[in-house]
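Listed here are the chains, written in short residue letters.
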Amino acid sequence: MSKHFVIVGAGEAGARAAMALREQGFDGDVTLVGGETHLPYERPPLSKDGMVAEVFAAKTIATAERLVDAGVAFRGGVTVAGIDRAGKRLEMKGGSTLPYDKLLLATGASPRRLAGVEGERIVYLRTIEDAQRLRGALGPGRHIAIIGGGFIGLELAASARARGAEVTLIEALPRLLSRGVPAGIAARIQARHLAGGVRLVFGDPIAAIESAAVSARVTLESGMCIEADMVLIGIGAAPNVALAEAAGLTVVNGIAVDERLQTTDADIFAAGDCCSFPLAIYGGRRVRLESWRNAQDQGNLAARNMLSAGEVGASVPWFWSDQYELTLQIAGLADEGALTVERELAEGSILFHLSADGRLVAASGIGVGNAVAKDIRLAEMLIGRRARPDMAALGDPGVRLKVLLSQGELA
Amino acid sequence: MGEWIEACGSDDVEEEDVIRFDHAGRVFAIYRSPDDEYFATDGLCTHEHVSLADGLVMDEIIECPKHNGRFNYKTGEAKGAPVCVNLRTYRVKVEGGAVFVEV
Ligand SMILES: Cc1cc2nc3c(=O)[nH]c(=O)nc-3n(C[C@H](O)[C@H](O)[C@H](O)COP(=O)(O)OP(=O)(O)OC[C@H]3O[C@@H](n4cnc5c(N)ncnc54)[C@H](O)[C@@H]3O)c2cc1C
Ligand code: FES
């Protein structure tokens, strides 16, 4: 009898895994179950071009036609309510069941909620529907308040300014992007937002947020009041682990998987924003990433390992963000570094992070357009090889990083 | 048959690298391979129309600077997600120290 592989969650990781199963030659049945009614779509544009464009168009990852051609049974608008591990079948909301031989959980993450803050004027940003609600509130003469100076809040601030709206961004800590982004780069981003006309408020905790029919009010502990047409809350995301937890799988800041993306049940894998995994390049440190490329890489890896490849993940974390004309790219995790070296480029700069013993562990770059892209990509390869590049060479823009890469091969 | 247009000097592109060439409102990418051959493709990525000339060339692959979509620049073939549409390629010749593209 032909095998049935089921994927729960039709986002970046789930959709990629479904296609990858076919690319790897799997000839059994593949079902991709997605809680959202849409075809799988990309989330990054929701806060960027998708927010600014005259007309909103979702960017699909796989069209209906491609899914059909690949022989992937896509079931959109269907929520999985439970996993019967002993009977190897899924229980759907609504009562039906679906048997599986192997299962991939790619359930993603959901925005962290501010307890007790509800209402028509409050919005989070994760889905097409969220983006459309926000779009409706942007434009000249409108005012949006953003809670949280992380990536979602900052990208939305830039997009809202591009649409002519007034923006007040409230960050509880003393600076922007305090998680994972070096202070110097965060300062550059802050300066750009100030120049762009965003009002920034730091270190003044929120006392209350009230949402009425036509507007909302944010009150801070200092007594400051911000009236806004809409309040975006961007205070991070939490992994969707309820299904896994109820099924008795181990959860550690996400569905816990090993370096092969296998959960504590050998027939169940997890990938993307929902899982935590050991990162080989950092001695097995367990991390959970919320990054588009990680979702793709893990979707691919999970597919191969569902087919018993037994392959260990070896990717270096990589993330980007677009704000105004600037693009930030980070390879590796900057907090692994003990020393830094800076490289100044014509239209950007890169901070290399090295461990105490001289290994390159991360690189954070910011620049106009794709000014830092090539060097960040090369740095990523050096990080993956655990290279110990010469610090003076890293700091010298005259030295091509490609040269360091070939030296690494000789060493 | 297209028209041969001078795109750049043969020394303007380093080995295993790429530069951008704009002509008549179109963007091209001109490559020099590690074994010193020249190639040309459309200059914008088929994912989000970013200039490929800011990307990294490795062997016969050009990697998009924006989300690392990969193409074989000799054939134009898209090598997998997020890019699924191939790049158009163009014939190239080198004459008198200049690179010509047939547009
Ligand atoms: C606005 C925004 C901008 C972003 N920008 C960037 C960026 O610039 N760079 C970057 O690297 N990353 C960015 N990201 C992060 C990136 O989009 C995510 O890392 C990626 O989408 C994760 O993919 P995933 O498949 O793990 O999860 P998701 O894309 O969240 O997909 C999970 C899917 O599973 C479904 N699901 C959950 N539970 C169930 C269930 N029980 N039954 C059925 N279906 C279920 C959900 O409805 C969802 O559709 C951004 C994210 C957002 C929201
Ligand atoms: S723009 Fe080239 S991969 Fe996205």
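Each remark here, short or long, concerns the structure printed above.
In this text, all values refer to a predicted model and were calculated from it rather than measured experimentally. (Residues numbered from 1 in each chain as written. Chains lettered and ligands numbered in written order. Predicted model: local features only at pLDDT ≥ 70, side-chain atom pairs only at ≥ 80, totals over all residues. Heavy atoms only, no water.)

(A) Just the packing of aromatic side chains, in detail. What the rule picks out here adds up to eight aromatic pairs over all chains. Residues A:Phe5 and A:Phe26 carry aromatic rings whose centres are separated by 4.2 Å and whose planes lie at 15° to one another, so their mutual orientation is stacked. Taken as a pair, A:Phe5 in strand β1 (residues 4-8) and A:Phe26 in the loop between α1 (12-23) and β2 (29-34) lie far apart in primary sequence, 21 residues in all. Given a relative accessible area of 3%, A:Phe5 falls into the buried group. Ring geometry for B:Phe28 versus B:Tyr90: centroids 5.1 Å apart, planes at 80°, classification edge-to-face. Here B:Tyr90 lies in strand β8 (residues 89-90) and B:Phe28 lies in strand β3 (residues 26-32), a separation of 62 residues in the sequence. Across this residue pair, the class does not change: B:Phe28 and B:Tyr90 are buried. (Phe/Tyr/Trp six-rings, centres within 6.5 Å; stacked < 30°, edge-to-face > 60°. Helix = DSSP H or I, 4+ residues; strand = E, 2+ residues; numbered from the N terminus. Buried < 20%, exposed > 50% of the residue type's maximum accessible area, 1.4 Å probe, protein only.)

(B) View of the sheet that holds strand β1 (residues 4-9) of chain B. Residue and element names in this part refer to chain B. Pairing is antiparallel across the open sheet formed by three strands, whose spatial order is β1-β10-β9. Sheet topology places β1 and β9 (92-95) at the edges, where each strand pairs with a single neighbour. Within the sheet, the average angular offset between the axes of one strand and its neighbour, ignoring direction, is 30°. Bridge count for β1 against strand β10 (residues 98-102) is five bridges, and the pairing is antiparallel. The partner of Glu-6 across the bridge, within β10, is Phe-100. (Pairing = 2+ DSSP bridges. Axes fitted to C-alpha atoms, helices over the stretch in contact; angles between N-to-C directions.)

(C) Layout of the interface of chain A and chain B. Counting from both sides, the interface comprises 22 residues of chain A and, opposite them, 22 residues of chain B. Taken together, both faces of the contact between chain A and chain B bury some 1700 Å²; the carbon and sulfur share is 47%. Three residues stand out in chain A for area buried against chain B, namely A:Asn370, A:Lys374 and A:Lys402, and they jointly supply 32% of the buried area on that side. Taken together, the links from chain A to chain B amount to six salt bridges. Across the salt bridge formed by B:Glu63 and A:Arg377, the nearest N and O atoms sit 2.3 Å from each other. Secondary-structure elements contributing two or more residues to the side of chain A that touches chain B are α8 (292-306), β22 (318-323), β23 (326-332) and α9 (373-384) of chain A. (Contact = heavy atoms within 4.5 Å. Buried area = accessible area lost by both parts, 1.4 Å probe. Salt bridge = Lys/Arg side-chain N within 4 Å of Asp/Glu carboxyl O.)

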